[in-house]
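What the coordinates show
The chain contents come next:
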Amino acid sequence: MSERILIKFKATGDKRLQQSMMKLAITQALLEKNTKKMDAALKRLEVAFAKTGKGSRLLNNTFATLRSKMLLFSFAMSMGGRQLTQFAKQAAQLGAMETAFTNLQGGTENAAIAMDKLRGATDNTMSNFDLFQQANNAMILGITKNSDEMAEMFDMAQRLGEALGKDTRHSVESLVTGIGRQSRLMLDNIGIIVDTEKAYKKYAKEIDVTVDKLTDAQKKQAFFNATMEAAKQKLKGIGPEVETPIRAFNRFSASMTNLGTSIGDDFLVAAVPLLNTLSKIANALEDVNFANVAKHAGILAVAITS
C-alpha cells in the first residue's frame with residue numbers, strides 16, 4: 001500500500017519580486033487593451049478598403065461597360081454601318097457630279113437626254129456614278145462637242161474593252177483620258193494605236209497650215225480625229241455588237257452600285273446633321289485631358305460609396 005506524502009509551500013518572497021509581478025500583470029493588461037484597440041482599428045480599415053474596393057469596382061464596371069459598347073459600335077460599323085456610311089458618301093459625291101453635269105450640259109432637260117444616250121451607248125453596264133464621272137471628265141477636258149459624239153465614244157470604248165476583257169468603266173476611262181491627255185499608253189489599254197506626228201500632219205493638211213502653226217486646240221482635235229478613226233478600224237475587225245456574259249455581269253454590277261447609292265441618298269438626309277454634330281463633339285474632345293477625367297472619376301466613385 002502506497003503512502004501519500006504531502007508537501008506544503010509557504011508563500012514567502014522578496015517584496016521586490018512581488019512588485020515586479022504586479023507590474024508585469026499591469027503591463028499585460030495594458031497590452032491586451034491596446035490589442036483590442038488595434039483590432040478595432042484594423043476592422044475599420046478593412047471596412048474602408050471594402051468601400052474603396054466597391055468604388056473601384058464601380059469605376060471598373062463603368063469603363064468595362066463603356067468598352068463593351070464601343071466594341072459593339074465598332075462591330076456594327078465594320079458590318080452594316082460602315083457600308084451604309086460608304087453608300088451615303090457615294091451618294092453625296094454623285095450629287096455633286098450630277099450638278100456639275102447638268103451645268104455643263106446647259107440645263108436639267110439637256111442633262112437628262114444626254115444621260116439617257118450614254119446609258120444606251122454603254123448598254124447600262126456603267127453605274128450612274130461612273131457615267132457622270134467620265135462624262136464630266138470628257139467635257140472638262142474639252143474632247144467632245146455634244147452628247148451624241150460622247151455617246152459614240154463611250155460605245156466604242158465599251159466594245160473595244162469587251163474584246164480585251166476590260167470592264168466598261170475602265171475602257172471608257174482609258175479612251176477619255178487617252179484623248180484628253182494625248183496619251184498613247186492609255187489608248188493602248190483598249191487596243192488603239194495612234195501616231196501623233198502623222199495625226200498632226202494629216203490635220204494640218206486638212207486645214208491648210210503647216211504642223212508648226214497648229215495651236216494646242218488644233219493638236220488636240222487632230223489627236224481626237226486620229227483616235228476615233230483608229231477605233232472605228234478596230235471595231236470593223238471585231239464584228240457586230242452582241243450580248244455577252246461579261247456584259248450581263250457588268251450590268252448587274254452597275255445595278256447593284258446604283259442601288260447602294262440610292263440607299264445612301266436616303267440615309268444622307270439623316271446623316272448630314274448627325275455628322276455635323278459628331279464633328280463638333282470630336283473637335284470639343286480634342287482639348288480634353290482623359291487622364292484627369294479618369295482620376296476625377298475614381299475620386300467621385302469613392303466619394304459616392306463612402
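Below: a short report on this structure. Since we're looking at a predicted model, the values are computed, not measured. (Residues numbered from 1 in each chain as written. Predicted model: local features only at pLDDT ≥ 70, side-chain atom pairs only at ≥ 80, totals over all residues. Heavy atoms only, no water.)

1. Quick look at the overall build of the protein
To be explicit about the condition: Elements are defined by DSSP. Helices are runs of H or I of four residues or more, strands are runs of E of two residues or more, and each kind is numbered from the N terminus. Residue burial is assigned from relative accessible area. The probe radius is 1.4 Å, only protein chains are included, and a residue is buried under 20% of its type maximum, exposed over 50%, and partly exposed in between. We call two residues in contact whenever any of their non-hydrogen atoms come within 4.5 Å of each other. Only the protein chains shown count as cover for residues, and the accessible areas themselves come from Shrake-Rupley with a 1.4 Å probe.
Across its full length, the protein carries 10 helices and zero strands. Along the protein, helices and strands appear, N-terminal first, in the series α-α-α-α-α-α-α-α-α-α. Classification of the 306 residues of the protein by burial places 28% in the buried group. Contacts in the protein between residues at least 24 apart in sequence constitute 67% of all its contacts with a sequence separation of at least 6. Summed over all atoms, the accessible surface of the protein reaches about 21,100 Å², with 59% contributed by carbon and sulfur.

2. Regarding unusual backbone geometry
We note that Asn 124 has phi near 55°; this positive angle belongs to a residue other than glycine. Following the sequence through the fold, Asn 124 ends up in the loop between α2 (108–121) and α3 (128–141). Since its relative accessible area comes to 42%, Asn 124 is described here as partly exposed. The phi dihedral of Asp 208 falls on the positive side, at around 60°, and the residue is not glycine. Assignment of secondary structure puts Asp 208 in the loop between α7 (196–206) and α8 (216–238).

3. What about the environment of Ala 121?
In this fold, Ala 121 is placed in helix α2. A residue is classified by how much of its surface remains accessible, and Ala 121, at 10% relative accessible area, is buried. Distance in space between the C-alpha atoms of Ala 121 and Asp 148 is 9.6 Å, their sequence separation being 27 residues. Residues in contact with Ala 121, not counting those within four places in the same chain, are Ala 151, Asp 155 and Gln 158.

4. Things to note about the packing of aromatic side chains
Just so we agree on the cut-off: Pairing of aromatic side chains requires ring centres within 6.5 Å, counting the rings of Phe and Tyr and the six-membered ring of Trp. Pairs whose planes differ by under 30 degrees are stacked, by over 60 edge-to-face, and all others tilted.
Enumeration over the complete set of coordinates arrives at one aromatic pair. With a centroid separation of 5.2 Å and 70° between ring planes, the pair formed by Phe 101 and Phe 132 is classed as edge-to-face. With Phe 101 in helix α1 (residues 15–105) and Phe 132 in helix α3, the pair connects residues that are 31 residues apart, well separated along the chain. Taking the relative accessible area as the measure of exposure, Phe 101 reaches 1% and is therefore buried.

5. Observations regarding the nonpolar core
Rules: Among buried residues, the Ala, Val, Leu, Ile, Met, Phe, Trp, Tyr and Cys ones that are joined through side-chain atoms within 4.5 Å form a nonpolar core.
In this structure, Phe 101, Leu 118, Met 153, Phe 154, Leu 175 and Ile 192 are the most contacted members of the largest nonpolar core, which totals 39 residues. Looking at this core, the elements with two or more residues in it are α1, α2, α3, α4 (147–163), α5 (168–180) and α8. Setting aside residues up to four positions removed in sequence, Leu 175 forms contacts with Met 153, Ala 157, Leu 187, Ile 190, Ile 192 and Thr 227. Among the nonpolar cores identified, the runner-up in size contains five residues, and Tyr 200, Ala 204, Leu 214 and Ala 222 belong to it.

In short, the description is geometric, and any link to function would need to be established separately.
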